[in-house]
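Below are the chains, spelled out letter by letter.
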Amino acid sequence: MRTGVLATSLLALLCWSPRALAAEAVDCAGCHEEVAKATTNQVHMRIRSFEVKGHAVGCEGCHGAGENHAESGDKAQIRVLGADKASDKACLECHALKGFPAWHASTHAAEDVHCTSCHTIHKESRPLESCAKCHAAERAQFELPSHHPLREGKMTCTSCHDPHAATEAQLKTKQRQNDLCTKCHQAQEGPFVFEHAPVQESCATCHVPHGSVAGRLLTANEPMLCLQCHEFHFHTSYKATDGVQVLGGVPRQSPNGPEGMNMAFATKCTQCHPKVHGSDLPSQGISSQGRSLTR
């Protein structure tokens, strides 16, 4: 009895193989040989009938019954998919139940973008190429010196964006933008005892998410980035006396010249304030308590 059950299971698996499914499209392949060849291992051709209960599988799953079309050759007798809402409806017959219920409220839908604007039906789609067709400026940012590792293949646009969602910028978060960033950058999440207010508001206050000329995806290099909110320390204007001076009977001279204070305090703020995202430790300067984010 067990042997019979096993044999039946093996037979079922053979019947559900991609080759067996491709046999359903033999009539289509007679005229559309190149298309049929390209879709042999495509995901739509691997769908089993029990996965889409009430729907056809194979070519007819998307294009509808093809008998009349096969006999007459008339395109009007088959559902031809293109960049229009009628084609979107055909896709959503299955995909609305597969995680895209908010598509009609999404930015892409509002901008008259359609399923086939981004997806190819008969061959594998490449997300980066699909996105770059419209988002050329963002694609170019990934070529800048500091960038997220998209062109290196370590992430894709859909690592951060859900093109079918109805969220702001179609980000993969229903909360703040920061919650998306800290999924990878957990050390910067906090909460901290001494917080940096702009960081808590939005990571994009200081960082460009796609790519930047400045290091670490910053909107500007230091100290100009910090000076958008903060003033220079008063030490910056100090000048040392030029030449050798006798102090306490010992001849002394500033090793950095009279502009030494300016050089020290007007270069990179993070030389002294490295905890730019927040700190849990009090600073060495008692007057600033822990707010100086020095450690």
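**What about the overall build of the protein?**
- Along its length, the protein carries 15 helices and 6 strands.
- Counting over 295 residues, the protein shows a buried share of 21%.
- Taking the contacts inside the protein whose residues are at least 6 apart along the sequence as the reference set, 46% of them involve residues at least 24 apart.
- Summed over its atoms, the accessible surface of the protein is roughly 20500 Å², and 58% of this surface lies on carbon and sulfur atoms.

**Some words on unusual backbone geometry**
- Cis geometry is found at the peptide bond from Gly190 to Pro191, where omega equals 5°.
- Mapped onto the elements, Pro191 comes out in the loop between helix 12 (177-181) and strand 2 (194-195).
- The residue after Glu222, namely Pro223, is reached through a cis peptide bond having omega 0°.
- Summarising the element assignment, Pro223 is placed in the loop between strand 3 (211-212) and helix 14 (224-227).
- In this model, Asp112 sits at a positive phi of 65°, which is unusual for a non-glycine residue.
- With respect to the helices and strands, the residue Asp112 is situated in the loop between helix 8 (107-110) and helix 9 (115-118).

**Here's the deal with the pattern of salt bridges**
- Tallied over the full model, the rule gives 7 salt bridges.
- For the salt bridge of Arg151 with Glu143, the shortest nitrogen-to-oxygen distance reads 3.3 Å.
- Among the ionic pairs, Lys239 bridges to Glu259, the shortest N-O distance being 3.6 Å. On the criterion of sequence distance, the pair formed by Lys239 in the loop between helix 14 and strand 4 (245-247) and Glu259 in the loop between strand 5 (250-252) and helix 15 (260-265) is long-range, its members being 20 residues apart.
- By relative accessible area, Lys239 is classed as exposed at 61%.

**A few points about a negative patch on the surface**
- On the surface, a cluster of negative charge is contributed by Asp27, Glu60, Glu67 and Glu71.
- Topologically, Glu67 is positioned in helix 6 (residues 67-72).

**Side note on the layout of surface pockets**
- The computed volume of the second largest pocket comes to approximately 830 Å³.
- Around the second largest pocket, the lining is made up of 32 residues, and of these Cys28, His32, Cys59, His63 and Ile78 lie nearest the centre.
- Every element with two or more residues in the lining of the second largest pocket is listed here: helix 3 (26-29), helix 4 (33-38), helix 5 (59-63) and helix 6.
- The element best represented in the lining of the second largest pocket is helix 5, accounting for 4 residues.
- Of the residues contributing to the lining of the second largest pocket, the split by class is 15 nonpolar, 11 polar and 6 charged.

**Quick word on the environment of Ser237**
- Position of Ser237 among the secondary structure elements: in the loop between helix 14 and strand 4.
- When its relative accessible area of 58% is taken as the criterion, Ser237 is described as exposed.
- Distance from Ser237 to Phe265, taken between C-alpha atoms, is 9.0 Å for residues 28 residues apart in sequence.

**With respect to the state of the cysteines**
- Scanning the model with the defined rule gives 0 disulfides in all.
- Residue Cys28 stays outside any disulfide, its sulfur separated by 3.8 Å from that of Cys59, the closest cysteine.
- Since its relative accessible area comes to 28%, Cys28 is described here as partly exposed.
- Considering cysteine sulfurs only, Cys134 is the nearest to Cys118, which forms no disulfide, with 6.5 Å between them.

**Some details on the side chain of Ser212**
- Mapped onto the elements, Ser212 comes out in strand 3.
- In this structure the side chain of Ser212 is engaged in a polar contact, spanning 2.5 Å, whose partner is the backbone oxygen of Leu218.
- Apart from residues lying up to four places away in sequence, Ser212 is in contact with Gln141, Leu144, Pro145, Ser146, Leu217 and Leu218.

**So, helix 7 (residues 85-95)**
- Turning to helix 7, its buried residues are Ser87, Asp88, Ala90, Cys91 and Leu92.
- At its buried positions, helix 7 is contacted by helix 9.
- Its side-chain oxygen 3.2 Å from the backbone nitrogen of Ala86, Asp84 forms the N-cap of helix 7.

**Quick notes on the confidence of the model for the protein**
- Averaged over all residues, the pLDDT of the protein is 83; the fraction at 70 or higher stands at 88%.
- Scored below 50 in pLDDT, residues 1-25 makes 14 contacts in the model with residues more than four places away or belonging to other chains.

**Some thoughts on the environment of His164**
- With respect to the secondary-structure elements, His164 resides in the loop between strand 1 (146-147) and helix 12.
- For the pair His164 and Phe100, spaced 64 residues apart in sequence, the C-alpha separation works out to 6.1 Å.
- Here His164 is in contact with Phe100, Ala102, Trp103, Ser106, His119 and Gln170, once residues within four sequence places are set aside.

Conventions we followed
- Residues numbered from 1 in each chain as written.
- Predicted model: local features only at pLDDT ≥ 70, side-chain atom pairs only at ≥ 80, totals over all residues.
- Heavy atoms only, no water.
- Helix = DSSP H or I, 4+ residues; strand = E, 2+ residues; numbered from the N terminus.
- Buried < 20%, exposed > 50% of the residue type's maximum accessible area, 1.4 Å probe, protein only.
- Contact = heavy atoms within 4.5 Å.
- Areas by Shrake-Rupley, 256 points an atom, 1.4 Å probe, with all protein chains shown as cover.
- Salt bridge = Lys/Arg side-chain N within 4 Å of Asp/Glu carboxyl O.
- Patch = residues over 30% accessible without salt bridge, like charges linked within 9 Å, V, L, I, M, F, W, Y side chains within 5 Å.
- Lys, Arg positive; Asp, Glu negative; His and termini not counted.
- Charge placed at Lys NZ, Arg CZ, Asp CG, Glu CD.
- 1 Å grid on protein atoms, 1.4 Å probe; cavity = no way out; pocket = protein on both sides within 12 Å on 5 of 7 lines; lining within 4 Å.
- Points joined across faces, edges and corners; volume = space filled by probe spheres on them.
- Nonpolar A, V, L, I, M, F, W, Y, C, P; charged D, E, K, R; others polar.
- Disulfide = S-S within 2.5 Å.
- Polar contact = N/O pair within 3.5 Å; in protein donor to acceptor, adjacent residues only side chain to side chain.
- pLDDT = per-residue confidence, 0-100.

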